Amino acid sequence: MAVTLTEKAAKHISRYIERRGKGLGLRFGVRTTGCSGLAYKLEYVDEVASEDAVFESHGVKVFVDPKSMPYIDGTELDFAREGLNEGFKFNNPNEKDACGCGESFRV
């Protein structure tokens, strides 16, 4: 499987990389936290780690570390604006449960 971006998410990431003036893509992973156990983490990539899996969607590269891959394999990142709020939405087929506040999830 793979990690993919919707066209909206790819455009949003591309705009931010342009504004930063540097960057190879987006690092997508998980960290241990919250009441359900795991939380998504996103950061811009300036240097590639040799162990990263690299996926490309709509011209944007997504880098995933090997420890995060089992939890997010098959995930599609979307970007949505709802009223005054905007942010990434994670369509993860591995997610079994999420906490009420939306901060963390469990597989």
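It should be noted that the structure appears before, not after, this text.
Residues numbered from 1 in each chain as written. Predicted model: local features only at pLDDT ≥ 70, side-chain atom pairs only at ≥ 80, totals over all residues. Heavy atoms only, no water.

**Description of the nonpolar core**
Which entries qualify depends on this criterion: We define a nonpolar core as any set of buried Ala, Val, Leu, Ile, Met, Phe, Trp, Tyr and Cys residues linked to one another through side-chain atoms lying within 4.5 Å. For each residue, the accessible area found with a 1.4 Å probe, counting protein chains only, is set against the maximum for its type, and the residue is called buried under 20%, exposed over 50%, and partly exposed in between. Strands here are runs of E lasting at least two residues and helices are runs of H or I lasting at least four, both read from the DSSP assignment and numbered beginning at the N terminus. We call two residues in contact when some of their heavy atoms are within 4.5 Å.
Judged by nonpolar contacts, the single largest core of 19 residues is most densely connected at Val 3, Leu 5, Phe 28, Val 64 and Ile 72. Those elements that provide at least two residues to this core are helix H1 (7-20), strand E2 (25-33), strand E3 (37-45), strand E5 (60-64), helix H2 (69-72) and strand E6 (76-82). Ranked by residue count, the leading element in this core is H1, at 4 residues. When sequence neighbours within four positions are dropped, the list of residues in contact with Leu 5 reads Ala 10, Ile 13, Ser 57, His 58, Val 60, Val 62 and Leu 77.

**Quick word on a nonpolar patch on the surface**
Quick reminder of the rule: Think of a patch as exposed residues, more than 30% relative accessible area, with no salt bridge, where like charges cluster within 9 Å and nonpolar side chains (Val, Leu, Ile, Met, Phe, Trp, Tyr) cluster within 5 Å. The Shrake-Rupley method, run with a 1.4 Å probe, gives the accessible areas here. Residue values count only the displayed protein chains as cover. Any Lys or Arg side-chain nitrogen found within 4 Å of a carboxyl oxygen on Asp or Glu counts as a salt bridge.
Side chains of Leu 24, Val 48 and Val 54 sit close together on the surface and give an oily, nonpolar patch of about 250 Å² of accessible area. Among the structural elements, Val 48 can be located in the loop between E3 and strand E4 (53-57). Judged by relative accessible area, Val 48 falls into the partly exposed class, the value being 47%.

**Concerning the environment of Tyr 71**
Examined against the element boundaries, Tyr 71 turns out to sit in helix H2. With 36 residues separating them along the chain, Tyr 71 and Val 107 place their C-alpha atoms 6.7 Å apart.

**Notes on the packing of aromatic side chains**
Two descriptors summarise a pair of aromatic rings, namely the distance from one centre to the other and the angle between the planes of the rings. Heads up, the rule is: Only Phe, Tyr and Trp rings take part, Trp by its six-membered ring, and two of them pair if their centres are within 6.5 Å. Stacked means planes under 30 degrees apart, edge-to-face means over 60, and tilted covers everything else. Note on geometry: a ring has a charge over it if NZ (lysine) or CZ (arginine) is within 6 Å of the ring centre and within 35 degrees of the ring normal.
Throughout the structure, instances matching the rule amount to 4 aromatic pairs. The interplanar angle of 10 degrees and the centroid separation of 5.6 Å between the aromatic rings of Phe 28 and Phe 90 together place this pair among those described as stacked. With a gap of 62 residues between them, Phe 28 in strand E2 and Phe 90 in strand E7 (residues 85-91) connect regions that are remote in the sequence. On the basis of relative accessible area, Phe 90 is assigned to the partly exposed category, the value being 24%. Note on Phe 79 and Phe 88: the rings are 5.4 Å apart at their centroids and 75 degrees apart in plane angle, and the pair reads as edge-to-face. Cluster of aromatic residues (ring-pair linked, three or more members): Phe 28, Tyr 40 and Phe 90. Across from the ring centre of Tyr 16, 5.0 Å away, lies the NZ or CZ of Arg 19, which sits over that ring.

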